[in-house]
Amino acid sequence: MMRSVIAALGMMALLLTNAPLAAQGITGDVVKIGIMNDQNGPYADNCGLGSVAAAKLAIADSGGMVAGKKIELVIADDQNKPDVGVAIAMRWLDNEGVDAIVGCSASSIALAVQEITKNRRKPYMLAGTAGSFFTNDKCSPMTTQWVVDTYAQPKATVKALLAQGVNSWFFLTVDYAFGKAWQSDATKFIEAGGGKVVGSVLHPLNASDLSSFLLTAQASGAKAIALANSGSDFANSIKQAQEFGLTKSQLLVPLGLMISQTHGIGLKDLQNVRLTTPFYWDMTPESRAFAKRFADATNGQLLNEGKSATYSAISHYLKAVAAAGSDDGDAVMRQMKNTPVNDFEMKNVSIRADGQVMRPLYVARIKTPAESKYTYDYYEITGTIAPEDAWRPASESACDLLKSQ
């Protein structure tokens, strides 16, 4: 008798352990998604309110419902401040029932928010944050990386320029985790390819006057000045470098460039610059059709990499919720990683255990003003980089999630 009772209790414990993942359902009868990014500062053009519009299109395409429950979107401006981002994430997850966060924040903010989502077991989808550590030594089972990182994007750029004899480099780097990671990763590729880094300077985030930094770069005599920054910092770097005449004798190399920045700076200053990108709106009939939908929803706004990734991340998340029949974070993350991503920009793309969305990258040349024939006709796609050649190999990763496979 006692053995039967113990056996029954053991079976009940096993059922109770497994039950929540299979039958928890939708908590609070709503799936709530938070969009957190810079909406008024130096990175506002990267994602900002355009990402909100992309999120709304993803929700509309799901029918506005998932697993029979309504979908709600909440929005916050992190103001490029880690304490603000942390406060928002804790309020959303602890008090307001947010089930997942899509971030396009500075890496310093995203690292802090990631720790919160990891502890609360809530999905965190990076749609513009580029630090490579998110899928390396700082990886989390709840985080996915949807765009590019500071490993993959400079890898192709550096290799191509070294092959052309550009073997001496100077870094102009924004002074926080993102810029430093970008410089560190690019330096490894430069030195591995036989090149040399002759110097570097750090500049503050959102710096309006970069003249002293650029003059130091110019005096270095480096063949390439690598710009490890983004947003308005990148735009200021390009424009002020042109004013000082750096481009007459040195090559400006963007390690990360969104097409919205190309639009803001203009083809005159950026013509013939080479870059790698995960997405270009004008590649396929499907991407062009979605870009038109997005423009119609945003008063003609250009669809860039971060905004398209926001759509993809939310669309894939909602499909996973529907398939799991639950908004439980662990169940949804398993479903997301077990299901290929398929939408207007990606076809049969897997998500690796470390959270890396294994999408291909594209090599592009920025057109001259004379070559551009219509609105936002900015890039010539000159090649494709397979995922296995773009992203950090699993064998080089410090992520325990890959080692446990």
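Owing to the predicted nature of the structure, the values given are computational and were not obtained by experimental measurement.

What is the right way to read the domain arrangement of the protein from this model?
A common way to report how large an interface is uses the accessible area buried once the components associate. Splitting the protein by domain gives domain 1 (30-148 + 284-360) and domain 2 (151-281 + 362-390). Put simply, the middle of domain 1 and the middle of domain 2, counted by C-alpha atoms, are 26 Å apart. In this complex, domain 1 contributes 30 residues to the contact, which on the side of domain 2 involves 31 residues. Each partner contributes to the roughly 2600 Å² buried at the junction of domain 1 and domain 2, and carbon and sulfur atoms together form 68% of this total. For the domain 1 face of the interface with domain 2, the top three residues by lost area are Leu302, Glu305 and Pro360, together amounting to 27%.

Quick question: what am I supposed to make of the sheet that holds strand β8 (residues 196-203) here?
Strand order across the open sheet formed by 4 strands is β8-β7-β9-β10, with parallel pairing between neighbours. For this open sheet the edge positions go to β8 and β10 (251-254), each flanked by a neighbour on one side alone. Pairwise comparison of adjacent strand axes, ignoring direction, gives a mean angle of 20° for this sheet. Bridging between strand β7 (residues 168-174) and β8 involves 7 bridges; their strand directions are parallel. From the neighbouring strand, Val174 faces β8, where its bridge partner is His203. Each of β7, β8 and β9 (224-228) touches helix α6 (residues 177-192); the most contacted strand, β7, lies at about 165° to it.

Sorry if this is basic, but what is going on with the nonpolar core here?
Looking at soluble globular proteins, one finds that nonpolar side chains tend to be buried together. Judged by nonpolar contacts, the single largest core of 83 residues is most densely connected at Ile33, Trp146, Ile314, Tyr317, Leu318 and Tyr379. With 8 residues, helix α12 (residues 305-324) is the single largest residue contributor to this core. When we break this core down by domain, the ones giving at least three residues each are domain 1 (30-148 + 284-360) and domain 2 (151-281 + 362-390). With near-sequence residues (within four places) excluded, Ile314 lies in contact with Ile33, Ile35, Ala55, Ala58, Ile59 and Val102. Ranked by size, the runner-up nonpolar core spans 41 residues in total, among them Phe134, Val166, Tyr176 and Val253.

For this particular structure, what's the right way to read the UniProt feature "domain: Leucine-binding protein" (unreviewed entry) in the protein?
With numbering aligned to this structure, UniProt lists the feature "domain: Leucine-binding protein" (unreviewed entry) at residues 31-367. Helix makes up 43% of residues 31-367 and strand makes up 19%, while its end C-alpha atoms are separated by 43 Å.

Cut-offs used in this document
Residues numbered from 1 in each chain as written. Predicted model: local features only at pLDDT ≥ 70, side-chain atom pairs only at ≥ 80, totals over all residues. Heavy atoms only, no water. Domains from an automatic or database assignment. Contact = heavy atoms within 4.5 Å. Buried area = accessible area lost by both parts, 1.4 Å probe. Pairing = 2+ DSSP bridges. Helix = DSSP H or I, 4+ residues; strand = E, 2+ residues; numbered from the N terminus. Axes fitted to C-alpha atoms, helices over the stretch in contact; angles between N-to-C directions. Core = buried A, V, L, I, M, F, W, Y, C linked by side-chain atoms within 4.5 Å. Buried < 20%, exposed > 50% of the residue type's maximum accessible area, 1.4 Å probe, protein only. UniProt positions renumbered as here; feature names shortened; annotations may be inferred.

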